[in-house]
Every structure is written in C-alpha cells, then in structure tokens.
Amino acid sequence: MESLPVEIDGLWHSYDPSLADWTLQEINLGLQSGELVGLLGPSGCGKTTLLRLIAGFERPIRGSIRLHGQEVASPQLSVAAERRGVGMVFQDYALFPHLNAWDNTCFGLRRGQDSARAAWLLELLGLEELRARYPHELSGGQRQRLALARALAPAPSVVLLDEPFSNLDVEVRLRLRSELPSVLNACGASGVLVTHDPEEALAICSRVAVLRDGRLHQCASPKELVESPATPFVGSFVLQRNVLPVWNDSAGDCLRCPLGDLERPDDFQVDSLPEEATVLVAPEAITLHEDADGKDEVVGREFLGHSWMYRVRSGDRQLRLLRPLAEDYQRGQTCRLCLQPGSSVLLHPQRRALLSRAS
C-alpha cells in the first residue's frame, strides 16, 4: 500500500517542563496525496505547533510523524527540518530583503538543481516580469506569491502554510486563496494550511481538521462538517450555530429547548437523552418578536448587505440570529425569541436532525 505524504500517530506536545499543560493531545491525522488539509481552530488551539512539529522545528513529547512512510519525528528522533523535503510558507513571508525575486525563489534549490522550475513557478504565479525586484518593491500579494514560489521551487511533496493570507486585503486574499489548490496541484504537492477562518478552510480545503485546546474534534470534508458536525464546538465555531440545552418534556411527547418544542421521532428512546444533550440551531432558524415585556435583549447587530446578524442576550447566553433587512431592531430592544416552525436542528451527541414544532 502506498504510504501517505504525512502520517501523524498519537502525537502529544507540551511547552511545560512539568507536562501539566498539554499544547497537543493524542493527535492522529493523515494527509492524502494531492490533498489540501486545513488546520482550523481559535487562537491557542495548537494548530501552529502541529505545523512546526511536521516541519521539524519542534520535537514531540509522545507519538510520531512519518513522511512518505519514513519516521522523521518521535521522542527519540528528530530529522533536521532541511532534510525533510517539506516546503514552508510563513505568515510574514520571511523573504530575504537583500535578494531579488529570482534569487529568493532559487534560494532553496539544491546544488546542481535545475533552475527551470523556479522560472516556471514565477511564470505560473504571475511574477516573471518582477524577477529583478526586491521584496520591498512588491505588493503584499506579490510577496506572498513569491514566498509560495520559493517554497515550491525545490519540488517538495508537502507544503506547510501558516496563515499565509492573514496580512492581505480582502480582494487579494480571496484571489490568492482560490488559486492555491490549483497551484499545488500543478506542482504535484500536498498541503497543510493553518487558518483561524472557517470560511477560508471550507472554501478551498479537501478536508478540515478542527482543533480546540490541543484536541482534534473532527477531520472531515467541508460537506460532512456542515451536514454532521461531530461535536457542539465544531457546530459553534465552524458553522456559527447556536448551542442550546435540550431535555425531555414531562408529558413525554416531545423534546424541549429554551426556544421551543421539538418533534420527537417515533423510534427515539426517551432514556437515551443524556443530561449534557444539546441542539445546534442555525442563526436563520430563530425568529425575533418585538416585546416590551420580553426577557431577551438585542445587544449587537451587523449589517451583512442582504440581512442583519443580531446578537441577542437570552438568559445567561448570547445567541446569533440572521434576519431580513426589513426586521430592523436597535440595540437595547427587548424581545422574545422562538424557533421557526419546521426548522431543522441537530441533536448531540446523537447527531440526529430534529424538526421544531409549531407553537
């Protein structure tokens, strides 16, 4: 069986000498040939540390990393970064200011390696006319393309990208991220992309690995993440769903959450609902009714061009609601929230779709 470009097995890492605080815990992940896998999560979740471990800048406390079947990292072994055959694209580009675009691109070539690939990459990335310019003479987007060309010039089979688009303006960021998969494909390389932006990860990655507090919650295709998030955190962080508690109705004919009743399927076992059960509710599945005596309050809103995204304080939680522009409520407005009849929510831990009941 063909070995994978990257195989991560039972990886643990900590910067705490006492090992009381783990940065990564029991990470198992594989990168298929030709894939672009996104490492997605909030700041401090361990995604950049995982990238550094693959690159060879850190040594794991437990577990191992293999590249094309060859072990390169374990507690007893750490192959030097320059010997791993892995390309790296940094958030701040890390270009050499004293070298022009051509010399930056060729910097990582091995002695005697043909520079024709470097010339091809500059052409592929639209930099051929700028090969004599120095980094300070290039725009942000051009510098990022140059960093990518430099990483790909030695023909690595794996390229690691650490939030490469975060310093770019919106238009350039959208254009470059849409080009990245085709560039990697043209070069025959697989990629691992670190990002904190769910939209970016879902838009361009073959699969997305979602991390939180050093643990891998789910690694799946964008479609599977949207249709069946493995944990409430995946639904909340990746899909911006609201997480609400759910319980059995005392009469036993339905399930209940703070915003209304849910149809209980005929085959649903009442005693199968644990105390920590929750439902994931999409922002568009909640309706807002102006109510002077209401216990809920609008605490923020964002204009999205085609709709409003409201933040509403409801009890001890804040919920996100997506409503039409015609429903124009101001901050401080008291209101009453409920589920839109017939809307679908996802029950956890069963990962089962339920429908809201008409009030």
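Given the structure is predicted, the values throughout are model-derived calculations rather than measurements. Going along each chain's sequence as written, the residues are numbered from 1 onward. For a predicted model such as this one, the threshold for reporting local features is a pLDDT of at least 70, and the threshold for listing and counting side-chain atom pairs is 80 or more; totals across whole chains, interfaces and linings nevertheless cover every residue. The side-chain figures draw on all heavy atoms in the structure; neither hydrogens nor water molecules are used.

A word on the overall build of the protein chain. Only runs of H or I of at least four residues qualify as helices and only runs of E of at least two qualify as strands under DSSP, and these elements are numbered from the N terminus. In terms of helices and strands, the protein chain carries eight helices and 23 strands. Principal-axis analysis of the C-alpha atoms places the extent of the protein chain at approximately 80 × 45 × 40 Å. Buried residues are those whose accessible area, probed at 1.4 Å on protein chains only, stays under 20% of the maximum for their type, while exposed residues exceed 50% and partly exposed ones sit between those limits. Every one of the 359 residues in the protein chain was classed for burial, and the buried ones make up 48%. Looking at the protein chain alone, contacts between residues at least 24 apart form 63% of all its contacts between residues at least 6 apart. We get accessible surface area from the Shrake-Rupley algorithm with a probe of 1.4 Å; when it comes to residues, only the shown protein chains can shield them. Counting every atom, the protein chain has about 17,300 Å² of accessible surface; 47% of that belongs to carbon and sulfur. Only heavy atoms enter the contact rule, under which two residues are in contact if any of them lie within 4.5 Å.

All right, on to the sheet that holds strand β21 (residues 334-339) then. The rule for pairing is simple: two strands pair if DSSP sees at least two bridges between them. The sheet built from five strands is open, its strands ordered β17-β21-β18-β19-β20 with antiparallel pairing. Because the sheet does not close on itself, it has two edges, and the strands there are β17 (286-290) and β20 (317-324). Taking each pair of neighbouring strands and ignoring which way they run, the sheet shows an average axis angle of 40 degrees. With six bridges joining them, strand β18 (residues 296-303) and strand β19 (residues 307-314) adopt antiparallel strand pairing. Bridging across to β19, Gly-300 finds its partner in Arg-311. To get an axis, a line is fitted to the C-alpha atoms, and for a helix only the part in contact is used. The angle between two axes follows their N-to-C directions and goes from 0 to 180 degrees.

Take the pairing of strand β16 (residues 278-281) next. With burial as the criterion, each face of β16 is covered, one bearing Thr-278 and Leu-280 and the other bearing Val-279 and Val-281. The pairing of strand β12 (residues 242-245) with β16 spans four bridges and is classified as antiparallel. Of the residues in β16, the one forming a bridge with Leu-244 is Val-279. Sheet topology places β16 next to strand β22 (residues 344-348); three bridges connect them, and they run antiparallel. Each residue of the ladder has a partner; that of Thr-278, found in β22, is His-348.

Take helix α3 (residues 116-124) next. Those residues of α3 not exposed but buried are Ala-118, Leu-121 and Leu-122. Taken around the axis of α3, the buried residues stretch over an arc of 100 degrees, which confines them to a single face. Buried-residue contacts for α3 involve α2 (101-106) and α4 (140-152). An arc is given here, and it is the one of the directions from the helix axis to the C-beta atoms.

What follows concerns the packing of aromatic side chains. To pair, rings of Phe, Tyr and Trp, with the six-membered ring standing in for Trp, must have centres within 6.5 Å; the planes then decide the type, stacked if under 30 degrees apart, edge-to-face if over 60, and tilted in the middle. Scanning the entire structure with this criterion turns up six aromatic pairs. Relative to Tyr-310, the ring of Trp-308 has its centre 6.2 Å away and its plane inclined at 35 degrees; by these criteria the two rings are tilted. Comparing Trp-308 with Tyr-310 shows no difference in burial state: the two are buried. Connected via pairs of aromatic rings, a cluster forms that spans Phe-303, Trp-308, Tyr-310 and Tyr-329. We call a charge positioned above a ring when the Lys NZ or Arg CZ atom is no farther than 6 Å from the ring centre and deviates by at most 35 degrees from the ring normal. Above the face of the Trp-12 ring, Arg-62 is positioned so that its terminal group lies 4.9 Å from the ring centre. One Lys or Arg, Arg-301, reaches over the ring of Trp-308 and ends 4.0 Å from the middle of that ring.

Here the focus is the nonpolar core. Buried Ala, Val, Leu, Ile, Met, Phe, Trp, Tyr and Cys residues form a nonpolar core when they are joined through side-chain atoms within 4.5 Å. Core analysis: the largest hydrophobic core is formed by 47 residues, its most contacted members being Leu-148, Leu-152 and Leu-180. At six residues, α4 tops the list of elements feeding residues into this core. Setting aside residues up to four positions removed in sequence, Leu-152 forms contacts with Arg-117, Leu-121, Val-159, Val-183, Leu-184, Cys-187 and Ala-189. Counting 28 residues, the second largest nonpolar core, distinct from the first, contains Val-37, Cys-45, Ile-65 and Val-72.

What follows deals with the environment of Val-79. Within the element layout of this structure, Val-79 appears in the loop between β6 (77-78) and β7 (86-89). Here Val-79 is in contact with Glu-71, Val-72 and Arg-84, once residues within four sequence places are set aside.

With respect to the secondary-structure elements, Glu-163 resides in the loop between β8 (158-162) and α5 (170-186). We treat Lys and Arg as the positive residues and Asp and Glu as the negative residues; His and chain ends play no part in the count. What counts as a salt bridge is simple: a side-chain nitrogen of Lys or Arg found within 4 Å of a carboxyl oxygen of Asp or Glu. Put simply, Glu-163 is tucked away with no salt bridge, and the nearest opposite charge, on Lys-47, sits 4.7 Å away. Setting aside residues up to four positions removed in sequence, Glu-163 forms contacts with Lys-47, Gln-91, Val-194, Thr-195 and His-196.

This next bit is on the confidence of the model for the protein chain. Per-residue confidence from the prediction method is given by pLDDT, with values spanning 0 to 100. Per-residue confidence for the protein chain gives a mean pLDDT of 93, with 99% of residues at or over 70. Put simply, strand β13 (residues 247-248) is where the protein chain has its lowest mean pLDDT, 88, and strand β10 (residues 207-212) is where it has its highest, 98.

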